[in-house]
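# Notes for the structure review
Listed below, chain by chain, are the residues.
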Amino acid sequence: MSDPIGVLFVCLGNICRSPLAEGVFRELVRQEGMSERFDIDSAGTTDYHAGESPDARTVEVAQRRGLRLTHEARRITAGDFGRFEYIVVMDTNNLAKVQRLAERVHPDAEVHLLRSFDPAAGKDLEVPDPYFGGPRGFEDVHDMIERACRGLLDHIRSEHAL
Ligand code: 4NP
């Protein structure tokens, strides 16, 4: 069997947006019966929360949709650029940081904004940081992540003829 297709979701702290995107995407892939074909993970651009479980508000939003998040926060590493074909970030701050790292270790890496795959995104391609906002922020973030993850999976399926 061919190598799994690597998909890495990246945000700032790796406790809110990217572990949720990881959980949502993992579930979509599972529903399509393609779990064996994918290597899915998430990481942060910082190590502020390294070793921690996802934020309680993220866990709650995920649980309401039947998703159990088991991720442990970590910072993105140089090795991730070799392991993951698709590096998918949440906002333009993440994009700048990841691109700067990629330039040094893997200049050909393709880094995508997650909402570039969200058909409802319009001009705003950011998943906003919900960390300092209220719980409603987490609901909105979940909805955009889910739409965008469906679009991302369609994109990957077309590129890989899956
Ligand atoms: P995330 O959210 O990047 O979606 O995981 C944040 C988590 C922590 C902080 C900021 C954003 N922080 O400043 O500690």
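Structure's up top.
Presented here is an overview of the structure given in this document.

About the criteria used
Residues numbered from 1 in each chain as written. Predicted model: local features only at pLDDT ≥ 70, side-chain atom pairs only at ≥ 80, totals over all residues. Heavy atoms only, no water. Helix = DSSP H or I, 4+ residues; strand = E, 2+ residues; numbered from the N terminus. Rg over C-alpha atoms; globule rule 2.2 N^0.38 Å. Buried < 20%, exposed > 50% of the residue type's maximum accessible area, 1.4 Å probe, protein only. Contact = heavy atoms within 4.5 Å. Areas by Shrake-Rupley, 256 points an atom, 1.4 Å probe, with all protein chains shown as cover. Near = heavy atom within 4 Å. Polar contact = N/O pair within 3.5 Å; in protein donor to acceptor, adjacent residues only side chain to side chain. Nonpolar A, V, L, I, M, F, W, Y, C, P; charged D, E, K, R; others polar. Expected span 1.5 Å × (residues − 1). Arc of directions from axis to C-beta.

### Description of the overall build of the chain
Per the secondary structure count, the chain includes five helices and four strands. Overall, the chain shows an N-to-C arrangement of helices and strands of β-α-β-α-α-β-α-β-α. The C-alpha atoms of the chain give a radius of gyration of 15 Å, which matches the 15 Å a tight globule of 162 residues would have. Each principal axis of the C-alpha atoms in the chain carries an extent, and together these give about 40 × 35 × 35 Å. The 162 residues of the chain split such that 49% are buried. Taking as baseline every contact in the chain between residues at least 6 positions apart, the subset at least 24 positions apart corresponds to 76%. Only carbon and sulfur atoms are counted for the fraction: they give 47% of the accessible area of the chain, which is about 8,200 Å².

### Thoughts on the site of the ligand
As a matter of local geometry, the ligand sits amid Cys-11, Leu-12, Gly-13, Asn-14, Ile-15, Cys-16, Arg-17, His-49, Asp-129, Tyr-131 and Phe-132. Between the ligand and Leu-12 there is a distance of 2.9 Å, counted from an oxygen atom to a backbone nitrogen or oxygen. Coverage of the ligand by the protein amounts to 91% of the 360 Å² it exposes when considered alone. By residue class, the composition of the shell around the ligand is six nonpolar, three polar and two charged.

### So, helix α4 (residues 92-105)
For α4, with 14 residues, the first-to-last C-alpha span of 20 Å sits near the 20 Å given by 1.5 Å per residue. Those residues of α4 lying buried are Asn-94, Leu-95, Val-98, Leu-101 and Ala-102. Down the axis of α4, the buried side of the element spans an arc of 140°, and every buried residue falls inside it. Looking at α4, the residues exposed on the side facing more than 90 degrees away from the buried face are Arg-100, Glu-103 and Arg-104. At the N-terminal end of α4, a side-chain oxygen is found 3.1 Å from the backbone nitrogen of Asn-93, two or three residues along, and the residue is Asp-91.

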